[in-house]
Amino acid sequence: MSENAARIRAVLKDHARLNRDAETLDDDSDLYQAGMTSHASVNVMLALEGEFDIEFPDHMLKRSVFESVGAIAAAIGELTEGR
Amino acid sequence: MTATAYDPIAFHDGLVRHGLIVPAGVDGIFGRGAVFEDVLARFDKLILGIAEKDDAQVLLFPPTIDRSIIEKTHYMDSFPHLVGAVYSFFGKELGARQLSEQINAGEAWGEHLAMTHVCLNPAACYPVYPTFAGTVPEQGRLVTLFAWVFRHEPSIEPTRMQAFRIREYVRCGTPEQVVEWRNMWLQRGVELLQSLGLPARSDVAADPFFGKGGKMLATSQLEQELKFEVLVPVISEQNPTATCSFNYHQDKFGEAFGIKTPDGQTAHTACLGFGLERVTMALFQTHGFDPAAWPAPVRQLLWA
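Since we're looking at a predicted model, the values are computed, not measured.

The rules behind these values
Sequence order sets the numbering: in each chain, residues are counted from 1 along the sequence as written. Chains carry letters and ligands carry numbers; both start at the beginning, A for chains and 1 for ligands, and go up in the order they are written. Side-chain atom pairs in this predicted model are given and counted only at pLDDT of 80 or more, local residue features only at pLDDT of at least 70, and totals for whole chains, interfaces and linings cover all residues. Computation of side-chain values covers all heavy atoms of the structure but excludes hydrogens and water. Two strands pair under a simple rule: DSSP has to find at least two bridges between them. Strands here are runs of E lasting at least two residues and helices are runs of H or I lasting at least four, both read from the DSSP assignment and numbered beginning at the N terminus. Note on geometry: axes are C-alpha line fits, over the in-contact stretch for helices, and angles between N-to-C directions span 0 to 180 degrees. Here a residue-residue contact requires only that any non-hydrogen atoms of the pair lie within 4.5 Å. Summed over both partners, buried area is the accessible surface (1.4 Å probe) that two parts give up on being assembled. The term salt bridge refers to a side-chain nitrogen of Lys or Arg lying within 4 Å of a carboxyl oxygen of Asp or Glu. We define a polar contact as two N or O atoms separated by no more than 3.5 Å, with the added condition that, inside protein, one atom must be a possible hydrogen donor and the other a possible acceptor, whereas residues neighbouring each other in sequence contribute only through side-chain atom pairs. Gly counts as polar in this scheme, as do all residues outside two lists: the nonpolar Ala, Val, Leu, Ile, Met, Phe, Trp, Tyr, Cys and Pro, and the charged Asp, Glu, Lys and Arg. The rule is simple: put a 1 Å grid over the protein atoms alone, call a set of points where a 1.4 Å probe fits but cannot get out a cavity, call an open set with protein on both sides within 12 Å along at least five of seven lines a pocket, and count a residue as lining if it has an atom within 4 Å of a point. Grid points are joined across faces, edges and corners, and a volume is the space filled by probe spheres set on the points. Throughout this description, buried means an accessible area under 20% of the type-specific maximum (1.4 Å probe, protein chains only), exposed means over 50%, and partly exposed covers the range between.

**Q** Residues and numbers for the pairing of strand β6 (residues 113-120) of chain B, please.
**A** Residues and elements named next belong to chain B. Bridge analysis of strand β4 (residues 64-66) against β6 gives 3 bridges, and the strand direction is antiparallel. Bridged to I65 within β6 is C119. By the bridge criterion, 4 bridges tie strand β5 (residues 85-89) to β6 in an arrangement that is antiparallel. Directly across from Y87, in β6, lies its bridge partner M115.

Here it is in structure tokens:
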């Protein structure tokens, strides 16, 4: 999980257009509060699909799934379970 | 009695048979007859009447806008499938001759054209935001527009047009000012349509964003309740038609065009638009193709 969290932070750094350094975010920090717009969250979603070789199903395409490093890690954990 | 049994093709054919609309070759593009136009103009006047005391600034723009507005607002990130960018011929003699030859031979000719600085306006409110740049007054800004808008959505279904008219209101100010105004109008819009005998109701809605990312944007818009529509059954009872649409953009346009409130914060904006053709069609579907036979209270409101 912690390795995933580091990769997620790297994706956020490149795509989330946050107003602070992604490295300083807690796992439960609200990314929208940290400046991620809806459009930026789409870019984060697409970049995570590439980084983790996953595809987010429609029911995961909502704000709460991308609201924090922890929430993203949980979703990715679910999608990569049993790999 | 309704004009047709909620069938898009039967409704389209009925509008044509009664001379209300005139087919013009391309799906979603048609002419409007005198009776259709009379109803549309009277409905527009009715809206202006109920909003008169709001003292909105009147502005009118042509149906073409500065392309940089499309670019600055990231329109193409969300709606690349709807855009109408204007292309023209910039070439010389030889190119013009080749262009003519290809057209006359029935061949494709788009390669000879290049992009101009204008796009067809995709939303009535877009040309307004650059005019708000700077600091808005304490009470904010309120503008009304009458606009032709274009969306590339060819369809035989008469309520889905490529070009149509909107009576638009745009509010700019603090988040509180903007949301309060939006909520006031949401009630007003439903009441206005209901007063015309239309079975109108409001609901949260999402814009038709493009692709997979668009699904996420649409869900986000729904979750934040940023868009509402006033719906009336026109071609389907299960999927009523949006006749009026309310969008709360938060600080999107304030950021894009440098609009501030007096306290130095980025201004928020919201807009609402009545789809004038759609409301007109809803009236014909609900009350029949002959306005002379419409219920007296409806006639009284429109022909007072």
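Following the structure, the description resumes.
**Q** Any details on the sheet that holds strand β9 (residues 163-173) of chain B? Residues and values, ideally.
**A** All names here are of chain B. An order of β3-β8-β9-β14-β12-β11-β10 is seen for the 7 strands of this open sheet, with the pairing classed as mixed. Strands with a single pairing partner mark the edges of an open sheet, and in this sheet they are β3 (57-59) and β10 (201-204). Mean inter-strand twist for the sheet, computed between neighbouring axes without regard to direction, equals 20 degrees. Inspection of the sheet shows β9 paired to strand β14 (residues 268-275) by 8 bridges, in the antiparallel sense. In the strand pairing of β14, I166 is matched with G275.

**Q** Requested: an account of the sheet that holds β5(B), with residues and values cited.
**A** Residue and element names in this part refer to chain B. Read from one edge to the other, the open sheet built from 3 strands follows the order β4-β6-β5, with strand pairing classed as antiparallel. Edge positions in the sheet fall to β4 and β5, since each has one partner strand and no second. Recorded for the sheet is a direction-independent mean angle of 60 degrees between the axes of neighbouring strands.

**Q** Could you give me a rundown of the interface of chain A and chain B, with the residues and numbers involved?
**A** Of the residues lining the interface, 13 residues belong to chain A; the matching set on chain B comes to 11 residues. Approximately 1200 Å² of surface area, both sides summed, lies buried where chain A meets chain B, with 63% of it carried by carbon and sulfur atoms. Here chain A and chain B share 3 salt bridges between them. Residue E55(A) is joined to K212(B) by a salt bridge in which the shortest nitrogen-to-oxygen separation is 3.9 Å. Linking chain A with chain B are 8 residue pairs in polar contact (both at pLDDT 80 or more), by the criterion used here. Grouping the constituent residues of the side of chain A that touches chain B by class yields 5 nonpolar, 3 polar and 5 charged.

**Q** Residues and numbers for empty space enclosed by the protein, please.
**A** All names here are of chain B. Under the definition given, this model contains 1 cavity of 30 Å³ or more. The computed volume of the largest cavity comes to approximately 40 Å³. Around the largest cavity, the lining residues are F61, P62, P63, N121, A124, P127, L145, F146, A147 and W148. Per-class residue counts for the lining of the largest cavity are 9 nonpolar, 1 polar and no charged.

**Q** Give a detailed account of unusual backbone geometry, specifying residues and quantitative values.
**A** Most peptide bonds take the trans configuration, and most residues that are not glycine carry a negative phi. A positive phi angle, near 50 degrees, is found at D53(A), a position not held by glycine. Topologically, D53(A) is positioned in the loop between α2 (38-52) and α3 (69-80). Even without a glycine there, the phi angle at E225(B) is positive, about 50 degrees. The exposure class assigned to E225(B) is partly exposed, which follows from its relative accessible area of 43%.

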